Amino acid sequence: MTNIYLDYNASTPIDPAVAAAMRPFLDEAFGNPSSGHWASTPAKAALEDARGQVAELLGCAPDEIVFTSGGSEANNLALKGTFFSLRDKGDHIITSVAEHPAVLAPCRFLERLGARVTYLPVDGTGRVDPEAVRRAITPRTVLISIMHANNEVGTIQPTEEIGAIAREHGIRFHTDAAQSVGKIPTGVDSLGVDLLSIAGHKLYAPKGIGALYVRRGVELEPLIHGAAHERGRRAGTESALLAVGLGTACSLAMDLEPMARVRALRDRFWQALREDFGDDIVLNGHPEHRLPNTLNVSFVGVIGAEILAGLEGVAGSTGSACHAGRVELSPVLAAMGVPERVGMGAVRFSLRRSTTDADIDAVVGRLRSRHGADAGWRHG
Ligand SMILES: Cc1ncc(COP(=O)(O)O)c(C=O)c1O
């Protein structure tokens, strides 16, 4: 049976064009971008070209891009960097309960250092109410951090509305766009953000590279102190190899047209499952404001991990996690108010541009035959 990978929200392969662009930096172009001699010139030029490519995708200037090791570091830099640089102004951060751990854990860490953090709830579709953001603002608020799109259910937040509220109050606004870049528009001005995180390995670049967009004039204390790399925002010799990978991937991500086909395929997938499973299947996430590649469904009364385990060769992910031998409901689904009996059966399928009709038909077929064959499908 052929393997079918439907876990592109977890990670993507490196695009062949990305690998080809990186190749020279594995071989001869090894120089330190900061050296200032002939061996550094290609690396320096490539680093700056890559910065331009990332900036073009986000609709900003190249000097507003800071390369990081990935999405987690970008989020940490946005949150901790803001807290440390604006300590005199305030100590209050607004975020949501549905954020990725790469936002929630830095918030918890900052609470240990005296920050006060408001964790806003989400509704049944996973969305934050912009008016709740407005109500949470205090004279001590220094940062609002609400993700652009959720990794588990794909729900897209009302980012533009939150951005307008942040602007109105003169408060810095960060969004974690690790999942949305390359899937939906992520122009920083239309979103109204001051800081935006991206993760290379979610958009066909290698792991180990990401970026933080930092609006001009936004002061940030670095996480890594040292020499003046990245305009003093992140010390450490830059990797032209990885930056070229991210830059090339960002150029490829500029064309969002193929996502219309992905959305149609994802919706056909859902319809097919609805026909087979009827009321035994539930869609998790927002019906419309959702990443076009993401389908998170609950097989009611079943454990998601068991379904995936029974789907030979299919890579997806579950909404629950095993902690200390006990299966627990994902915090995101719990925050959405999804009942345990439904949430435990959650499975996330995430597609890419080249996912085929045949891939989806095969997964539907494998689910169908398992459903038909397994009398114990429902545990009640
Ligand atoms: C929404 C979101 N933010 C941040 C991250 C972390 O990114 P990275 O793995 O590049 O550190 C991920 C990855 O799972 C994510 O989905």
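Residues numbered from 1 in each chain as written. Predicted model: local features only at pLDDT ≥ 70, side-chain atom pairs only at ≥ 80, totals over all residues. Heavy atoms only, no water.

(A) Layout of the layout of surface pockets. The volume enclosed by the second largest pocket comes to roughly 260 Å³. Forming the boundary of the second largest pocket are 18 residues, of which G182, L203, Y204, R352 and R353 lie nearest the centre. It is helix α9 (residues 240–253) that contributes the most residues to the lining of the second largest pocket, three residues altogether. A per-class count over the lining of the second largest pocket returns nine nonpolar, four polar and five charged. The two domains that each donate at least three residues to the lining of the second largest pocket are domain 1 (4–11 + 256–373) and domain 2 (16–253). (1 Å grid on protein atoms, 1.4 Å probe; cavity = no way out; pocket = protein on both sides within 12 Å on 5 of 7 lines; lining within 4 Å. Points joined across faces, edges and corners; volume = space filled by probe spheres on them. Helix = DSSP H or I, 4+ residues; strand = E, 2+ residues; numbered from the N terminus. Nonpolar A, V, L, I, M, F, W, Y, C, P; charged D, E, K, R; others polar. Domains from an automatic or database assignment.)

(B) Quick look at the environment of F173. Its location among the elements puts F173 in strand β6 (residues 172–176). With a relative accessible area of 0%, F173 lands in the buried category. Remark: the alpha-carbon pair of F173 and I94, spanning 79 residues in sequence, is separated by 9.5 Å. Those residues within four positions of F173 in sequence are excluded, and the remaining contacts are L143, I144, I146, T159, I162, G163, A166, L191, G192, V193, D194 and L195. (Buried < 20%, exposed > 50% of the residue type's maximum accessible area, 1.4 Å probe, protein only. Contact = heavy atoms within 4.5 Å.)

(C) Expanded view of the nonpolar core. One finds V54, L58, I144, L196, L203 and L246 to be the most contacted residues of the largest nonpolar core, which totals 62 residues. Mapped onto the domain boundaries, this core takes at least three residues apiece from domain 1 (4–11 + 256–373) and domain 2 (16–253). When sequence neighbours within four positions are dropped, the list of residues in contact with I144 reads I94, V133, I137, I162, A166, I171, R172, F173 and H174. Within the second largest apolar cluster, 26 residues are counted, among which are L265, L273, F299 and V364. (Core = buried A, V, L, I, M, F, W, Y, C linked by side-chain atoms within 4.5 Å.)

(D) View of the packing of aromatic side chains. This structure, assessed with the given rule, holds four aromatic pairs. An angle of 75° between the planes, with centres 4.7 Å apart, marks the rings of Y5 and Y8 as edge-to-face. The exposure class assigned to Y5 is partly exposed, which follows from its relative accessible area of 33%. Relative to F349, the ring of F269 lies with its centre 5.1 Å away and its plane at 50°, an arrangement referred to as tilted. Pair noted here: F269 is in helix α10 (residues 258–277) and F349 is in strand β15 (residues 346–350), with a separation of 80 residues, a long-range link. Taking relative accessible area as the criterion, F349 reaches 0% and is therefore assigned buried. Positioned over the ring face of F109 is K80, at 4.9 Å from the centre of the ring. Positioned above the aromatic ring of Y119, the side-chain terminus of R108 is 4.7 Å from the ring centre. (Phe/Tyr/Trp six-rings, centres within 6.5 Å; stacked < 30°, edge-to-face > 60°. Lys NZ or Arg CZ within 6 Å of the ring centre and 35° of its normal.)

(E) How the structure looks around the pattern of salt bridges. Taken as a whole and judged by the stated rule, the model has 19 salt bridges. Between R234 and E73 there is a salt bridge; the shortest N-O distance is 2.5 Å. You can see R234 sitting in the loop between α8 (229–232) and α9 and its partner E73 sitting in helix α3 (residues 71–85), a full 161 residues away along the chain. Here E111 ties to R108 by a salt bridge, and the two come within 4.0 Å at their closest N and O atoms. Of this pair, E111 and R108 both sit in helix α4 (residues 101–112), separated by three residues, roughly a single helical turn. For E111, a relative accessible area of 32% translates into the label partly exposed. The exposure class assigned to R108 is partly exposed, which follows from its relative accessible area of 46%. (Salt bridge = Lys/Arg side-chain N within 4 Å of Asp/Glu carboxyl O.)

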